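Examining the three-dimensional arrangement
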Amino acid sequence: MLGVLIALLSGALMSVQGVFNTDVTKNTSLWVSTSFVQFTALLVCLAAWLITDRTSFGTLAQVPDKYTLLGGVLGAFITVTVVKSMALLGPAKAAMLIVICQLAVAWLIELFGMFGMDKVDFSFRKLFGMLIAIAGIITFEL
């Protein structure tokens, strides 16, 4: 149950952050806004690290799949694409498309066992659920 609540909180925070970032971008620029978002995220993470953890940053050298260290690079482009999509489509349409794409890509990652994830069997039920979600977006937009 805790996982569900955290996931719901994550979705809510992402939607609010997207709206905030889009507004900041209107008064600055896309890259200034994104840089500010990433910088303030760094400050919060460093403060949380100082308070709770203090694991050595040297442990990053022990990460076996070095490509996984590109999460921050992806984070910058996530911020940029969320801002642009919300500016062009509005928060509701952008969020729906973002979530459906997240779901589809996550399912493909599981189906093919990519990036070290456990491989799952294909399920027509999951495919049907994905198609219903896509139909829901189409219905919402008509």
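Because the structure is predicted, anything quoted here is derived from the model rather than measured.

**Quick look at helix α3 (residues 71–89)**
Residue pairs spaced three or four apart in an α-helix point in one direction, given the helix's 3.6 residues per turn. For α3, which comprises 19 residues, the first-to-last C-alpha distance of 26 Å matches the rise-based estimate of 27 Å (1.5 Å per residue) to within 8%. Where α3 is concerned, the buried positions are Gly 75, Ala 76, Thr 79, Val 80, Val 82, Val 83, Ser 85 and Met 86. Contacts made by the buried residues of α3 are with α1 (2–27), α2 (30–52) and α4 (91–112).

**A word on the confidence of the model for the protein**
For the protein, per-residue confidence averages 94 on the pLDDT scale, and residues scoring 70 or more make up 99% of the total. Looking across the protein, the model is least confident in helix α5 (residues 124–141), with a mean pLDDT of 91, and most confident in α2, with 96.

**A closer look at α2**
For α2, with 23 residues, the first-to-last C-alpha span of 33 Å sits near the 33 Å given by 1.5 Å per residue. Along α2, the residues classified as buried are Leu 30, Ser 33, Thr 34 and Val 37. Elements that come into contact with the buried residues of α2 comprise α1 and α3. One or two positions beyond α2, positive phi appears at Arg 54, with a value near 65°.

**Side note on a nonpolar patch on the surface**
A cluster of nonpolar side chains, contributed by Trp 31, Tyr 67, Leu 70, Val 73, Phe 77, Leu 108, Phe 112, Met 114 and Phe 115, occupies part of the molecular surface with about 940 Å² of accessible area. Listed by contribution, the elements that provide at least two residues to the nonpolar patch are α3 and α4.

**Description of the packing of α4 against α5**
As a packed pair, α4 and α5 sit with axes 11 Å apart at the nearest point and diverge in direction by 170°. When the axis of α4 is compared with that of α5, the two are roughly antiparallel. α4 and α5 meet at a crossing whose hand is left-handed. Between α4 and α5, the residues in contact are Ala 92, Lys 93, Met 96, Leu 97, Ile 100, Leu 103, Ala 104 and Trp 107 and Lys 126, Leu 127, Met 130, Ala 133, Ile 134, Ile 137, Phe 140 and Glu 141, respectively. Broken down by class, the residue content of the contact of α4 with α5 amounts to 13 nonpolar, no polar and 3 charged.

**Comments concerning the environment of Phe 128**
Relative to the helices and strands, Phe 128 is located in helix α5. Through-space distance from the C-alpha of Phe 128 to that of Ala 48 is 41 Å; in sequence the pair is 80 residues apart.

**Overview of unusual backbone geometry**
If you check the backbone angles, Arg 54 has positive phi at about 65° while not being a glycine. Assignment of secondary structure puts Arg 54 in the loop between α2 and α3. Judged by relative accessible area, which is 55%, Arg 54 ranks as exposed.

**Describing the environment of Ser 15**
Positionally, Ser 15 belongs in helix α1. Not counting residues within four places of it along the chain, the set of residues in contact with Ser 15 comprises Met 86 and Ala 95.

Thresholds, definitions, all that
Starting from 1, residues in each chain are numbered consecutively following that chain's sequence as written. The predicted nature of this model means local features are confined to residues of pLDDT at least 70 and side-chain atom pairs, given and counted, to a pLDDT of 80 or more, with totals for whole chains, interfaces and linings taken over all residues. Hydrogens and water molecules were not included; the side-chain quantities draw on all heavy atoms of the structure. Under the DSSP-based scheme used, a helix requires at least four consecutive residues in state H or I and a strand at least two consecutive residues in state E, with every element numbered from the N terminus. Expected span of a helix, by definition, is 1.5 Å for each gap between consecutive residues, and there is one gap fewer than residues. Exposure is judged per residue with a 1.4 Å probe applied to protein chains only, and the accessible area is read against the type maximum: over 50% gives exposed, under 20% gives buried, and values in between give partly exposed. For this analysis, residues touch if any pair of their heavy atoms sits within 4.5 Å. A score between 0 and 100, pLDDT records how confident the predictor is in each residue. Patches draw on residues past 30% relative accessible area with no salt bridge. Two like charges within 9 Å are joined, as are two nonpolar side chains (Val, Leu, Ile, Met, Phe, Trp, Tyr) within 5 Å. In this description, accessible areas are obtained by the Shrake-Rupley approach with a 1.4 Å probe, and a residue is regarded as covered only by the protein chains that are shown. A pair is scored as a salt bridge if a Lys or Arg side-chain nitrogen falls within 4 Å of a carboxyl oxygen belonging to Asp or Glu. Axis lines are fitted through C-alpha atoms, for helices just across the contact stretch, and the angle between N-to-C directions can take any value from 0 to 180 degrees. Note that the term roughly parallel is reserved for angles under 35 degrees, roughly antiparallel for angles over 145, roughly perpendicular for angles of 65 to 115, and oblique for everything else. It is the rotation of the near helix from the far one that decides the hand of a crossing: anticlockwise by less than a right angle makes it left-handed, clockwise makes it right-handed. Note on residue classes: Ala, Val, Leu, Ile, Met, Phe, Trp, Tyr, Cys and Pro are nonpolar, Asp, Glu, Lys and Arg are charged, and everything else, Gly too, is polar.

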